[in-house]
Amino acid sequence: QVQLVEFGGGLVQAGGSLKLSCAASGRTFSVDIMAWFRQAQGKEREFVAAIRWSGGSTYHADSVKGRFTISKDNAKNTVYLQMNSLKPEDTAVYYCAARPRDYSGGYYYSGGYTVWGQGTQVTVSS
């Protein structure tokens, strides 16, 4: 079992920054990829960024590349999402998710992730 809890959401003005945290507990050794997804009001959930739990390969969606950075601290079992140059269109609920090693498919596909955090609201004002 793996459990995920997100922290760090809030209200920020356009151009500002926020850092989200995702604390993982349980059977983290079974995790292949950790990722961040987001879902804006009235829109489908979309991929934001991913990182391999063992190793350091990272992936970022084109919409956030250069502004957002995913990272991790294995000693703290925590994944982070540093968000800079925030825009109003970044407003969404952000979710942390974990994908097991036995899944075959794209890292950007939400259906491949079996464990999800509760979500944290990020609101960017103009």
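Higher on the page you've got the structure.
Predicted model only: the values in this text are computed from it and were never measured. (Residues numbered from 1 in each chain as written. Predicted model: local features only at pLDDT ≥ 70, side-chain atom pairs only at ≥ 80, totals over all residues. Heavy atoms only, no water.)

Colleague: Can you help me understand the overall build of the chain in this one?
Modeller: Helices and strands together make up the secondary structure of the chain, namely 0 helices and 11 strands. Each helix (α) and strand (β) of the chain, taken in turn from the N terminus, gives the series β-β-β-β-β-β-β-β-β-β-β. Here the C-alpha radius of gyration of the chain, 14 Å, is about what a compact globule of 126 residues would show, namely 14 Å. C-alpha atoms of the chain, sized along the principal axes, occupy 40 × 30 × 25 Å. Here the chain, with 126 residues, has 44% of them falling under the buried criterion. Of the roughly 6400 Å² of accessible surface on the chain, a fraction of 47% belongs to carbon and sulfur atoms. Seen as two clouds, the 13 positive and the 9 negative side-chain charges of the chain have centres 5 Å apart. (Helix = DSSP H or I, 4+ residues; strand = E, 2+ residues; numbered from the N terminus. Rg over C-alpha atoms; globule rule 2.2 N^0.38 Å. Buried < 20%, exposed > 50% of the residue type's maximum accessible area, 1.4 Å probe, protein only. Areas by Shrake-Rupley, 256 points an atom, 1.4 Å probe, with all protein chains shown as cover. Lys, Arg positive; Asp, Glu negative; His and termini not counted. Charge placed at Lys NZ, Arg CZ, Asp CG, Glu CD.)

Colleague: For this particular structure, what's the right way to read the sheet that holds strand β1 (residues 2-7)?
Modeller: Hydrogen bonds between backbone atoms are what pair the strands of a sheet, whose relative direction is either parallel or antiparallel. Pairing in this open sheet of 4 strands is antiparallel, and the strands run β1-β3-β8-β7 from one edge to the other. Sheet topology places β1 and β7 (68-73) at the edges, where each strand pairs with a single neighbour. Ignoring strand direction, the axes of neighbouring strands in this sheet form an average angle of 20°. In this sheet, strand β8 (residues 78-83) lies alongside strand β3 (residues 18-26) in antiparallel orientation, the contact comprising 6 bridges. Bridge pairing links Cys 22 to Val 79 in β8. (Pairing = 2+ DSSP bridges. Axes fitted to C-alpha atoms, helices over the stretch in contact; angles between N-to-C directions.)

Colleague: Would you mind going over the environment of Leu 86 with me for this structure?
Modeller: Along the chain, Leu 86 turns up in the loop between β8 and β9 (92-100). Counting along the chain gives 36 residues from Leu 86 to Val 122, while the straight-line C-alpha distance between them is 9.9 Å. Contact partners of Leu 86, with chain neighbours within four places excluded, come to Val 12, Ala 14, Gly 15, Gly 16, Ser 17, Leu 18, Arg 67, Phe 68 and Val 124. (Contact = heavy atoms within 4.5 Å.)

Colleague: Teacher, can you tell me more about the nonpolar core here?
Modeller: Judged by nonpolar contacts, the single largest core of 37 residues is most densely connected at Leu 4, Met 34, Trp 36, Leu 81, Met 83 and Tyr 94. Going through the elements one at a time, β1, β3, β4 (31-39), β5 (46-52), β7, β8, β9 and β11 (120-125) are the ones with two or more residues in this core. Looking at which element gives the most residues to this core, the answer is β4, with 6 residues. The contacts of Leu 4, once residues within four sequence positions are left out, are Cys 22, Ala 23, Ala 24, Met 34, Cys 96, Ala 97, Ala 98, Val 115, Trp 116, Gly 117 and Gln 118. (Core = buried A, V, L, I, M, F, W, Y, C linked by side-chain atoms within 4.5 Å.)

Colleague: Whenever I open this one, unusual backbone geometry confuses me. Can you help?
Modeller: Note: most peptide bonds trans; most residues except glycine with negative phi. Of note in this structure, Asn 77 is not a glycine but carries a positive phi near 50°. Note on Asn 77: relative accessible area 27%, which makes it partly exposed.

Colleague: What should I look at first to understand the packing of aromatic side chains in this one?
Modeller: Two aromatic rings are characterised by how far apart their centres lie and by the angle between their planes. If you walk through the whole model with that rule in mind, you get 8 aromatic pairs. Members of the aromatic cluster, each reached through a chain of ring pairs, are Phe 37, Phe 47, Tyr 59, Tyr 95, Tyr 107, Tyr 108, Tyr 113 and Trp 116. One cation-aromatic arrangement involves Arg 45 over Trp 116; the distance from NZ or CZ to the ring centre is 4.7 Å. (Phe/Tyr/Trp six-rings, centres within 6.5 Å; stacked < 30°, edge-to-face > 60°. Lys NZ or Arg CZ within 6 Å of the ring centre and 35° of its normal.)

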